[in-house]
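Below are the chains, spelled out letter by letter.
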Amino acid sequence: MRRGIFRMDRAEAEALIARAPVVHVASTTAEGEPLLRTVHGALVRGAIAFHGAPAGEKTEIVGRPAVVSCEEIVASIPSYFTDPERACPATTLYRSAQARGVIERVDDPERKAEVLEALMRKYQPEGGYAPLDAASPLYRKAIAGILVLAVPLERIDGKAKLAQNRAPEERARLLARLWERGLPGDPAAIEALRAACPDTPVPAFLSAPAGCALACALGPRDVDAAVDLLEGAYWNQGVSRGALARAQLGSPAWVGARDGAGRLVATARAISDGSKRAWMFDVMVAPSLRGLGVGEAVVRLLLDHPAVRGALHVHLGTQDAHTFYARFGFQRRADLPPRPFVSTEMVLTRG
Ligand SMILES: CC(C)(COP(=O)(O)OP(=O)(O)OC[C@H]1O[C@@H](n2cnc3c(N)ncnc32)[C@H](O)[C@@H]1OP(=O)(O)O)[C@@H](O)C(=O)NCCC(=O)NCCS
């Protein structure tokens, strides 16, 4: 470990390169001039592969050693989080990977098609094209005419700087500062830090009842579990699993709770303009954990979420949980007529 930088294992480092929107490839030309290119790359058979024009600069680097790198910024940490005067503590939390190998030209049309198909799947996952096939008249000429290069990841180093070197109490304070700051990536950064450093004490804003742990940012790995919880709800009748998944992933505030085994047992989300109005949706606690305060904790966390906390009016619709929401200050909208057996709108007005 150097200055709080931790090494990732090979699988994690490869996964980072595989999901990177772009990778940087550094090499030298035949004249020994340094050359750096940013490319769209896909991980294929243990190599990072990319394409170019057959007569371009990239042809010069075939057979030469190269370094491939990518990075993900997790959060910028200003100095004043730790020291009111000295600039020195300013830092950046990140993940990065760097790999070395010798650049190969891929000539076999079927392997070229495989690389191009991998690039299409990564950058155009929605489809809308005929799969790349070297024998197809649609692609034969194009595949023959394109340069495809690959750098086998002979050596790969992944690093993560996620405050692992800080004392647990100091890390908990950092989480509280990130929550208070509330930039769009901060809730996800909080969860990344907690995952990297499980010994971090739970900060007050994440304290949860019933042996559960609150999560201030859920993500793609939680989506199936959240949809399982929400699928049968009365307000989701007729809504497909795909639509429910997209709604969770598309919400700027999505929080939840996990049980002691790490299973998602509560979920809640909101959309918001951050200033005038926010709407809460899909609040659900697993039936076996209801009545223990988990729902209240999740709703409080959502109302305090950086995307929601600045909204003057927070709305929701409910058929039967009015008394539950009243404890947070929600009131039935007086300007709307009461409608039996359909959801009524409630609103919390602050400020
Ligand atoms: C509503 C829900 C999120 C509350 O979660 P929870 O973890 O059970 O809530 P808490 O333990 O924090 O609070 C429980 C309190 O809320 C009340 N409550 C829960 N559901 C209620 C409902 N549908 N109507 C009225 N009160 C309700 C309980 O009576 C209890 O009151 P008490 O503390 O005075 O005994 C949960 O019951 C749930 O998932 N229900 C099904 C989905 C749902 O209705 N979601 C809300 C739709 S808008």
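Reading the values: the criteria
- Residues numbered from 1 in each chain as written.
- Predicted model: local features only at pLDDT ≥ 70, side-chain atom pairs only at ≥ 80, totals over all residues.
- Heavy atoms only, no water.
- Helix = DSSP H or I, 4+ residues; strand = E, 2+ residues; numbered from the N terminus.
- Buried < 20%, exposed > 50% of the residue type's maximum accessible area, 1.4 Å probe, protein only.
- Contact = heavy atoms within 4.5 Å.
- Areas by Shrake-Rupley, 256 points an atom, 1.4 Å probe, with all protein chains shown as cover.
- Lys, Arg positive; Asp, Glu negative; His and termini not counted.
- Charge placed at Lys NZ, Arg CZ, Asp CG, Glu CD.
- Core = buried A, V, L, I, M, F, W, Y, C linked by side-chain atoms within 4.5 Å.
- Domains from an automatic or database assignment.
- Salt bridge = Lys/Arg side-chain N within 4 Å of Asp/Glu carboxyl O.
- Pairing = 2+ DSSP bridges.
- Axes fitted to C-alpha atoms, helices over the stretch in contact; angles between N-to-C directions.
- Parallel < 35°, antiparallel > 145°, perpendicular 65-115°, else oblique.
- Left-handed = near helix turned anticlockwise from the far one by under 90°.
- Nonpolar A, V, L, I, M, F, W, Y, C, P; charged D, E, K, R; others polar.
- Near = heavy atom within 4 Å.
- Polar contact = N/O pair within 3.5 Å; in protein donor to acceptor, adjacent residues only side chain to side chain.
- 1 Å grid on protein atoms, 1.4 Å probe; cavity = no way out; pocket = protein on both sides within 12 Å on 5 of 7 lines; lining within 4 Å.
- Sits in = over half its atoms within 2 Å of the grid points.

Novice: So what exactly am I meant to see when it comes to the overall build of the chain here?
Specialist: A tally of helices and strands in the chain yields nine helices and 17 strands. For the chain, with 351 residues in total, the buried portion stands at 45%. Contacts in the chain between residues at least 24 apart in sequence constitute 68% of all its contacts with a sequence separation of at least 6. Accessible area for the chain stands at about 18300 Å²; split by element, carbon and sulfur atoms hold 54% of it. Averaging the coordinates of the 44 positive side-chain charges in the chain and doing the same for the 39 negative ones gives two points 3 Å apart.

Novice: Any chance you could explain the nonpolar core here in plain terms?
Specialist: If you look at soluble globular proteins, the nonpolar side chains tend to sit buried side by side. If you look at the biggest cluster of nonpolar residues, it comprises 88 residues, and the most contacted ones within it are Ile17, Leu193, Met280, Tyr325 and Phe330. A per-element tally of this core places helix α8 (residues 294-304) first, with seven residues. Counting only domains with at least three residues in this core, you end up with domain 1 (6-161) and domain 2 (207-349). Excluding residues that lie within four positions of it along the chain, Ile17 makes contacts with Val23, Ile48, Val68, Cys70, Ala97, Ala99, Lys122 and Ile156. Among the nonpolar cores identified, the runner-up in size contains 15 residues, and Val106, Leu116, Leu119 and Ile143 belong to it.

Novice: Where do I start with the pattern of salt bridges in this structure?
Specialist: Pairing between side chains of opposite charge can happen when the charged atoms of each approach one another. Counted according to the given criterion, the structure contains 22 salt bridges. Ionic pairing is found between Arg121 and Glu117, a salt bridge with its closest N-O pair at 3.2 Å. Here Arg121 pairs with Glu117, and both are found in helix α2 (residues 109-123), just four residues apart, close to one helical turn. Exposure remark for Arg121: the relative accessible area of 59% places this residue in the exposed category. A relative accessible area of 11% means that Glu117 is categorised as buried. Residues Glu231 and Arg241 are paired through a salt bridge, measuring 2.9 Å at the closest nitrogen-oxygen approach. Within this pair, whereas Glu231 is found in the loop between α6 (223-230) and α7 (241-249), its partner Arg241 is found in helix α7, the two being separated by 10 residues in sequence. Judged by relative accessible area, Glu231 falls into the partly exposed class, the value being 37%. Because the salt bridges share partners, they merge into one network encompassing Arg19, Glu72 and Arg95.

Novice: Help me out: how do you make sense of unusual backbone geometry in this one?
Specialist: Excluding glycine, a negative phi dihedral is what most residues carry, and trans is how most peptide bonds are arranged. Positive phi, normally seen in glycine, also occurs at Ala210, with a value near 60°. Given a relative accessible area of 41%, Ala210 falls into the partly exposed group.

Novice: Just checking my understanding: could you explain the sheet that holds strand β13 (residues 264-272) for this structure?
Specialist: Two orientations exist for strands paired in a sheet by backbone hydrogen bonds: parallel and antiparallel. Pairing is mixed in the open sheet, where seven strands are placed in the order β11-β12-β13-β14-β15-β17-β16. Strands with a single pairing partner mark the edges of an open sheet, and in this sheet they are β11 (213-215) and β16 (331-332). Pairing between strand β14 (residues 277-285) and strand β15 (residues 313-318): three bridges, direction parallel. Paired with Ala278 across the two strands is Val314, which belongs to β15. Strands β12 (253-258), β13 and β14 of the sheet are contacted by α7, whose axis makes an angle of about 65° with β13.

Novice: Looking at this model, I keep getting lost on the packing of α6 against α7. Mind explaining?
Specialist: When two helices pack together, their arrangement is given by the angle between the helix axes and the distance between those axes. Running from N to C, α6 and α7 point in directions that differ by 120°, and their axes come no closer than 9 Å. Classified by the angle their axes make, α6 and α7 are oblique. In the crossing of α6 with α7, the sense of the turn from one axis to the other is right-handed. Residues Val223, Asp224, Val227, Asp228 and Leu230 of α6 form the contact with α7, whose own contacting residues are Arg241, Leu244, Ala245, Gln248 and Leu249. Residues of the contact of α6 with α7, tallied by class, amount to six nonpolar, one polar and three charged.

Novice: When you look at the domain arrangement of the chain in this model, what are you seeing that I'm missing?
Specialist: By convention, interface size is frequently given as the accessible area that disappears when the constituent parts associate. Each assigned domain of the chain is listed here: domain 1 (6-161) and domain 2 (207-349). Taking only C-alpha atoms into account, the centre of domain 1 sits 39 Å from that of domain 2.

Novice: Would you take a moment to explain the sheet that holds strand β3 (residues 34-39) for this structure?
Specialist: Taken together, six strands build an open sheet; the order of strands is β1-β10-β7-β6-β2-β3 and the sheet is antiparallel. Either end of the sheet is taken by a strand with one partner, and the two such strands are β1 (6-8) and β3. The mean inter-strand angle of the sheet, taken between neighbouring strand axes irrespective of direction, is 25°. Bridging between strand β6 (residues 65-77) and strand β7 (residues 91-102) involves 12 bridges; their strand directions are antiparallel. In the sheet register, Ala66 faces β7, and the bridge partner there is Gly101.

Novice: What is the right way to read the site of the ligand from this model?
Specialist: Neighbouring the ligand are 19 residues, the closest being Val285, Gly293, Gly295, Glu296 and Asp320. Within the backbone of Val283, an N or O atom sits 2.9 Å from a nitrogen atom of the ligand. Gly291 has a polar backbone atom sitting 2.8 Å from an oxygen atom of the ligand. Out of a free accessible area of 870 Å², the ligand has 69% covered by protein chains. For the ligand, the cavity whose grid points lie within 2 Å of the majority of its atoms is the second largest pocket. Grouping the amino acids of the shell around the ligand by side-chain chemistry returns nine nonpolar, six polar and four charged.

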